Amino acid sequence: MHAIVAADKNWGIGRNNELLVRIPNDMKNFRRLTEGNVVVMGRKTLESFPGGKPLPNRVNIVLTRQEGYDGKGAVVVHSEEELREELAKYTEEIFIIGGESIYRMMLPYCEDAYVTCLDYAYEADTWMPDLNREDGWELAERGEEQTCFDLIYYFTTYKNTACKKF
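About the cut-offs
Residues numbered from 1 in each chain as written. Predicted model: local features only at pLDDT ≥ 70, side-chain atom pairs only at ≥ 80, totals over all residues. Heavy atoms only, no water. Pairing = 2+ DSSP bridges. Helix = DSSP H or I, 4+ residues; strand = E, 2+ residues; numbered from the N terminus. Buried < 20%, exposed > 50% of the residue type's maximum accessible area, 1.4 Å probe, protein only. Arc of directions from axis to C-beta. Contact = heavy atoms within 4.5 Å. Core = buried A, V, L, I, M, F, W, Y, C linked by side-chain atoms within 4.5 Å.

Asks: Kindly report on the sheet that holds strand S9 (residues 126-127), identifying the contributing residues and their values.
Replies: One open sheet accounts for 3 strands, arranged S3-S2-S9; its pairing is antiparallel. The sheet is open, and its two borders are formed by strand S3 (18-19) and S9, each paired with just one other strand. Two elements, strand S2 (residues 12-15) and S9, share 2 bridges in a ladder whose sense is antiparallel. The residue of S9 that forms the bridge with glycine 14 is threonine 126.

Asks: Explain helix H1 (residues 24-34) to me, using residue names and the numbers behind them.
Replies: For H1, every residue scored as buried is listed here: Asp26, Asn29, Leu33 and Thr34. Projected down its long axis, H1 shows its buried positions confined to an angular sector of 115°, all on one face. In H1, the exposed residues that point more than 90 degrees away from the buried face are Pro24, Lys28 and Arg32. In this fold, the buried residues of H1 make contact with strand S1 (2-7), strand S4 (38-42), strand S7 (94-98), strand S8 (112-118) and strand S12 (151-160). Positive backbone phi, approximately 80°, marks glycine 36, located one or two places after H1.

Asks: So what's going on with the nonpolar core? Residues and values would help.
Replies: The biggest cluster of nonpolar side chains holds 28 residues, and the ones touching the most others in it are Val40, Ile96, Val115 and Leu131. Breaking this core down by element, the ones donating at least two residues are S1, S4, strand S5 (59-63), helix H3 (80-87), S7, helix H4 (100-106) and S8. Beyond its immediate sequence surroundings of up to four residues, valine 115 is in contact with Val5, Ala7, Trp11, Leu131, Tyr154, Phe155, Thr156 and Tyr158. Counting residues in each nonpolar core, the second largest holds 12 residues, with Val39, Leu55, Val62 and Ile97 among its members.

What follows is the structure, given as structure tokens:
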């Protein structure tokens, strides 16, 4: 299992149920890694997509406590146990794509995290745990400096040396 996220200097990931910034190259990287695979998200993440619709060419799984929630084609589960049972059905790669509570719940089970590190501190209201301070997580790879207008960012990979079996 993998996590994928774009996070600012303070590990902020969103504000008002939107990404902090949209970087075309980051979107391409996200699509390249996740297409043809399984993506797991919370209800608010699904609702932040255009039309609140699941991402195309992926199995979309939404974890929400809201009974009777219409995932508009996404598989909807209501507990960690239901999620575990659903994920057991797939052989494709599994990507945790947000939001904050889903990252916090699932990070211990991720073998790695693909983090687009934004060299800027935005005003955020949701955060990813700081993998530089989380036990068992270490920076494994940092790509070359990239820019989008005046924003500097890096594609990085963190490895979880204490990964738990889900």
